Number of protein chains: 2
Amino acid sequence: MTKWFEGSGPEEDVVVSTRIRIARNLEGYRFPHRMSIEESEKLTQEVLDAMKNLSDKSNYKFIRIRDLNPIERISYMEKHLISPGLVQKVNMGSFLLRDDEVITVMINEEDHLRIQVLFPGLNFEEGWEYSNEMDSFLEDHLNFAFHEEFGYLTACPTNVGTGLRASAMVHIPSLAMSGHMGYLIQGLNKIGLTIRGLYGEGTEALGNLYQISNQTTLGEKEEKIIEKLKNVIIQVINKERDMRESLFNNQRYQLENMVFRSLGILKYARLISSKEAMSHLSNVRLGMEVGIIKDIKFSDITELMIEIQPASIQEKFNMELDNERIDVERANIIRERLKHIE
Amino acid sequence: MTKWFEGSGPEEDVVVSTRIRIARNLEGYRFPHRMSIEESEKLTQEVLDAMKNLSDKSNYKFIRIRDLNPIERISYMEKHLISPGLVQKVNMGSFLLRDDEVITVMINEEDHLRIQVLFPGLNFEEGWEYSNEMDSFLEDHLNFAFHEEFGYLTACPTNVGTGLRASAMVHIPSLAMSGHMGYLIQGLNKIGLTIRGLYGEGTEALGNLYQISNQTTLGEKEEKIIEKLKNVIIQVINKERDMRESLFNNQRYQLENMVFRSLGILKYARLISSKEAMSHLSNVRLGMEVGIIKDIKFSDITELMIEIQPASIQEKFNMELDNERIDVERANIIRERLKHIE
């Protein structure tokens with residue numbers, strides 16, 4: 001089975017991935033931040049019992065955060081399979097992960113349940129279908145906290161209603177480079193959307209990767225929220241493509257210089273930090289996007305961007321490594337992966 | 001015939017080239033800064049008449065600065081064949097250049113005559129032999145201004161006596177990198193030596209290349225001045241080699257990272273300034289010096305360092321180019337020259 005980051009999807013020159021996540025809580029339990037460990041165990045067991053009824057249940061594995069070592073925990077996060085919030089829930093947190101890594105059900109993150117579906121490229125349709133299906137299945141077997149007027153209840157009021165957050169991870173180097181990010185952020189906020197860093201709220205944008213998502217969850221139907229978001233993403237895609245074309249036509253030498261220097265550094269560095277590598281990989285991806293770098297797939301860059309994160313490197317060696325060693329191994333991984341590109 | 005920068009010489013891992021220059025003036029003429037154009041013409045003719053007696057005179061070409069276009073003038077300077085001072089002397093300056101570019105006789109630079117001999121590597125012996133021979137020949141046919149007590153008279157008092165300046169151009173990246181330059185400059189000044197940039201007095205040190213030369217020309221015999229300088233250069237060579245070994249043994253990863261990143265940038269950049277290129281070429285040369293970069297000769301780097309200077313690039317195209325075009329062509333030249341290095 002192909003993992004999400006190994007596949008390709010629509011509009012993949014701009015949209016790296018599409019994510020749908022649905023927040024749900026169970027009646028009769030306090031929210032996770034107020035819960036005792038015993039209560040969380042009981043809830044977890046109830047979810048596992050429900051999951052036994054799932055037709056493809058054998059494709060899911062169940063993992064408790066406390067059973068993972070710190071490197072493994074972060075490594076799941078680096079793959080975007082679990083959230084930074086769940087990593088913190090060492091005592092109560094757990095998750096169900098489908099083998100193809102498309103669906104995760106997180107237990108006792110900020111809410112009792114968070115269903116996450118991840119697809120490569122722009123694919124809200126399948127994202128919504130898969131997450132909606134899992135939501136319906138769980139609702140059939142669990143007693144969700146629901147309020148006639150407000151809709152689904154959540155730990156944080158910003159998620160009340162649909163509990164839905166839809167997002168697309170976009171690679172927008174040309175918009176970022178030409179100083180358009182300020183306008184974009186303002187414009188998105190005005191229409192109830194938000195733009196965030198690589199690992200969600202409060203995290204940094206690395207490698208010109210941004211997550212654009214809906215901010216409001218209340219007062220509109222899920223399909224409407226997704227449609228509105230999708231329309232905006234398409235505008236961002238078109239704007240980014242325009243800017244790329246303009247860069248290519250008006251600053252060809254500067255663009256080639258930037259792209260190829262980054263390739264040269266990635267192909268020759270013996271030590272490289274995650275932050276620097278992300279920035280050069282973003283430039284190489286831009287080179288692919290404008291057609292001056294060939295013989296490599298977008299998914300190879302996405303995979304490499306995950307592989308070179310600190311925990312993923314340490315997981316490969318199954319041990320804690322010091323920072324210099326991580327920087328050395330990161331450079332080795334990148335050189336090996338890019339050796340065929342000229 | 002091999003040009004000086006195409007050949008190899010002793011201790012070439014540190015010493016790029018050795019230069020001897022002798023300043024001489026003719027009786028009965030004012031110094032160049034006070035001279036009329038007519039006077040300078042008369043002097044030039046007298047020197048050319050003297051040169052007719054030279055046994056290998058057919059190997060010399062005579063070039064007037066005013067007959068060169070601005071690009072050609074600077075290009076001779078970039079090859080170190082004439083001095084920045086002579087380039088300024090558009091109306092009176094001229095020079096005789098031997099075909100192998102080892103010997104230049106500059107006319108009406110700061111002094112009436114400046115004999116320059118240039119050899120690759122550390123080679124004061126041949127440098128002194130060639131320059132002394134030319135000096136003796138010219139003295140036989142011209143009336144040199146000489147004072148019983150002071151020796152040869154020169155336009156600037158710092159050259160009075162022997163009129164000799166001996167220098168070695170050294171590549172000392174490890175000394176520079178480890179913060180030893182301050183001590184080195186102080187130490188050299190204390191013993192009457194001086195250290196300067198790439199094109200002599202008042203010029204910048206690019207690519208970790210420095211010229212070490214004698215400061216005093218009075219009160220000691222030529223052989224003594226040269227011997228003293230040579231002994232100090234040997235100490236600098238040994239110190240630089242020690243520092244390289246220490247870098248290699250103690251900071252292997254950092255060293256390899258620096259060297260290979262520079263190689264990567266040089267092999268991939270599409271635009272590069274002269275200053276940046278010199279700095280990366282210096283790192284690549286350091287890589288050769290410590291044995292981690294192979295399949296390239298020191299003289300290739302020396303040649304490349306000359307070829308990528310602005311006037312040399314424009315001379316190749318036989319036209320003035322704008323700065324961006326120069327940076328593009330520089331990057332092209334470097335990529336082509338380094339394409340076989342991995």
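Residues numbered from 1 in each chain as written. Chains lettered and ligands numbered in written order. Predicted model: local features only at pLDDT ≥ 70, side-chain atom pairs only at ≥ 80, totals over all residues. Heavy atoms only, no water.

1. Some points on the overall build of chain A
Formally: Only DSSP runs of H or I with at least four residues qualify as helices, and only runs of E with at least two residues qualify as strands; both kinds are numbered from the N terminus onward. The globule rule used here is 2.2 Å times the number of residues to the 0.38 power, and the radius of gyration it is set against is calculated over C-alpha atoms. Accessibility here uses a 1.4 Å probe with only protein chains present; expressed as a share of the type maximum, an area under 20% marks a residue as buried, one over 50% as exposed, and anything in between as partly exposed.
The helix and strand tally for chain A stands at twelve helices and ten strands. Taken over the C-alpha trace, chain A has a radius of gyration of 21 Å; the compact-globule value for 342 residues is 20 Å, and the two agree within 12%. Across its three principal axes, chain A shows a C-alpha extent of roughly 65 × 45 × 35 Å. With 342 residues in all, chain A has 59% of them scored as buried.

2. So, the interface of chain B and chain A
Interfaces are often sized by the amount of accessible area the parts lose when they come together. Keep this limit in mind: The contact criterion used throughout is that any non-hydrogen atoms of two residues lie within 4.5 Å. By buried area we mean how much accessible surface two parts lose on assembly, using a 1.4 Å probe and totalling the loss over both. Should a side-chain nitrogen of Lys or Arg be within 4 Å of a carboxyl oxygen of Asp or Glu, the pair is scored as a salt bridge. The definition of a polar contact used here is a pair of N or O atoms within 3.5 Å, where within protein one atom must be able to donate a hydrogen and the other to accept one, and adjacent residues in sequence count solely through side-chain atom pairs.
Taken together, the contact pairs 20 residues of chain B with 20 residues of chain A. Buried area between chain B and chain A, both sides added, is near 1,900 Å², and the carbon and sulfur share of it is 59%. Looking at the side of chain B facing chain A, the largest losses of area belong to Arg-261, Tyr-268 and Arg-270 of chain B, adding up to 38% of the total buried there. For Arg-261 of chain B, the salt bridge goes to Glu-276 of chain A, with nearest N and O atoms at 2.8 Å. Joining chain B to chain A, the criterion identifies twelve residue pairs in polar contact (both at pLDDT 80 or more). Within the residue set of the side of chain B that touches chain A, elements represented by two or more residues are α8 (252-268) and α12 (323-338) of chain B.

3. So, helix α10 (residues 298-307) of chain B
All names here are of chain B. Counting buried positions over the ten residues of α10 gives nine, a clear majority of the element. The complete set of buried residues in α10 reads Phe-298, Ser-299, Asp-300, Ile-301, Thr-302, Glu-303, Leu-304, Met-305 and Ile-306. On its buried face, α10 is in contact with β1 (15-24), α2 (70-78), β10 (209-214), α9 (274-289), α11 (310-317) and α12.

4. Examining helix α1 (residues 37-51) of chain A
Residue and element names in this part refer to chain A. To be explicit about the condition: By this rule the span expected of a helix is its residue count minus one, scaled by 1.5 Å.
With 15 residues, α1 extends 21 Å between its outermost C-alpha atoms, agreeing within 8% with the 21 Å of an ideal straight helix rising 1.5 Å per residue. Within α1 the residues assigned to the buried category are Glu-39, Ser-40, Leu-43, Thr-44, Val-47, Leu-48, Ala-50 and Met-51. Against the buried residues of α1 lie β2 (60-64), β3 (94-98), β4 (103-107), β5 (113-120) and α4 (124-141).

5. Observations regarding the relation of the copies chain B and chain A
Inclusion rule: Least-squares fitting of one copy onto the other uses the C-alpha atoms of those residues that reach a pLDDT of at least 70 in both copies.
With an RMSD of 0.0 Å, the fit of chain B onto chain A corresponds to turning through 180° and sliding 0.1 Å along the axis. Here the transformation between the copies is reduced to the relation of a two-fold axis. Among all residues of chain B, the minimum C-alpha distance to the rotation axis is found for Gly-264 of chain B, at 2.1 Å. Most of the interface of chain B is mirrored in chain A, where 100% of its interface residues are also at the interface.

6. What about the packing of aromatic side chains?
What counts here: Within 6.5 Å between ring centres, the rings of Phe, Tyr and Trp (the latter by its six-membered ring) count as paired, and their orientation is classed by plane angle as stacked under 30 degrees, edge-to-face over 60, tilted in between.
Applying the stated criterion to the full structure yields ten aromatic pairs over all chains. Ring centres 5.1 Å apart and planes at 70° place the aromatic pair Tyr-76 of chain A and Phe-95 of chain A in the edge-to-face group. Residue Tyr-76 of chain A is found in helix α2 (residues 70-78), and its partner Phe-95 of chain A is found in strand β3; the two are separated by 19 residues along the sequence. Taking the relative accessible area as the measure of exposure, Phe-95 of chain A reaches 0% and is therefore buried. Centroid distance Phe-144 of chain B to Tyr-152 of chain B: 6.3 Å. Interplanar angle 80°. Geometry classified as edge-to-face. On the basis of relative accessible area, Phe-144 of chain B is assigned to the buried category, the value being 6%.

7. Observations concerning the environment of Leu-164 of chain A
All names here are of chain A. Tracing the chain through its elements places Leu-164 in strand β8 (residues 164-171). In the structure, Leu-164 is positioned 116 residues away from Leu-48 in sequence and 22 Å away in space, judged by C-alpha atoms. Excluding residues that lie within four positions of it along the chain, Leu-164 makes contacts with Ile-20, Arg-21, Ile-22, Trp-128, Asn-214, Thr-217, Glu-222, Ile-225 and Ile-226.

8. Describing the sheet that holds strand β10 (residues 209-214) of chain A
All names here are of chain A. For clarity, the threshold we go by: Whether two strands pair comes down to DSSP finding at least two bridges between them. Orientation is described by axes fitted as lines to C-alpha atoms, over the contacting stretch for helices, and by angles from 0 to 180 degrees between their N-to-C directions.
On the basis of which strands lie adjacent, the open sheet formed by eight strands has the order β2-β3-β4-β5-β1-β8-β10-β9 and antiparallel pairing. Lying at the two open borders of the sheet, with one neighbouring strand each, are β2 and β9 (193-196). Within the sheet, the average angular offset between the axes of one strand and its neighbour, ignoring direction, is 20°. The sheet contact formed by β4 and β5 spans five bridges and is antiparallel. Bridge pairing links Ile-103 to Val-117 in β5. Sitting on the sheet, helix α7 (residues 222-250) is in contact with β1 (15-24), β8, β9 and β10, with an inclination near 10° to β8.

9. Points about unusual backbone geometry
If you check the backbone angles, Asp-295 of chain A has positive phi at about 60° while not being a glycine. Assignment of secondary structure puts Asp-295 of chain A in the loop between α9 (274-289) and α10 (298-307). Of note in this structure, Glu-11 of chain B is not a glycine but carries a positive phi near 55°. Following the sequence through the fold, Glu-11 of chain B ends up in the segment before β1.

10. Some points on the packing of α4 of chain A against α7 of chain A
Residue and element names in this part refer to chain A. For the record, the criterion: Here roughly perpendicular refers to angles of 65 to 115 degrees, roughly parallel to angles under 35, roughly antiparallel to angles over 145, and oblique to all remaining angles. When the near helix sits turned anticlockwise from the far one by under a right angle, the crossing is termed left-handed; a clockwise turn instead gives a right-handed crossing. Residues are sorted three ways: Asp, Glu, Lys and Arg are charged, Ala, Val, Leu, Ile, Met, Phe, Trp, Tyr, Cys and Pro are nonpolar, and all the rest, Gly among them, are polar.
Axis separation between α4 and α7 bottoms out at 11 Å; the angle between their running directions is 155°. Considered as vectors, α4 and α7 are oriented roughly antiparallel to each other. Judged by the twist between their axes, the crossing of α4 over α7 is right-handed. Within the contact between the two elements, α4 uses Phe-124, Glu-125 and Trp-128 and α7 uses Glu-222, Glu-223, Ile-226, Leu-229, Lys-230 and Ile-233. Its residues assigned to classes, the contact of α4 with α7 comprises five nonpolar, no polar and four charged.

11. Topic: the pattern of salt bridges
Residue and element names in this part refer to chain B. Evaluated as defined, the whole model comprises 54 salt bridges over all chains. A salt bridge links Glu-101 to Lys-3; the nearest nitrogen and oxygen atoms lie 3.5 Å apart. Within this pair, whereas Glu-101 is found in the loop between β3 (94-98) and β4 (103-107), its partner Lys-3 is found in the segment before β1, the two being separated by 98 residues in sequence. Of the residues examined, Glu-101 reaches a relative accessible area of 7% and is grouped as buried. Here Lys-3 falls in the partly exposed class, since its relative accessible area comes to 25%. A salt bridge links Asp-135 to Arg-24; the shortest N-O distance between them is 2.9 Å. On the criterion of sequence distance, the pair formed by Asp-135 in helix α4 (residues 124-141) and Arg-24 in strand β1 is long-range, its members being 111 residues apart.

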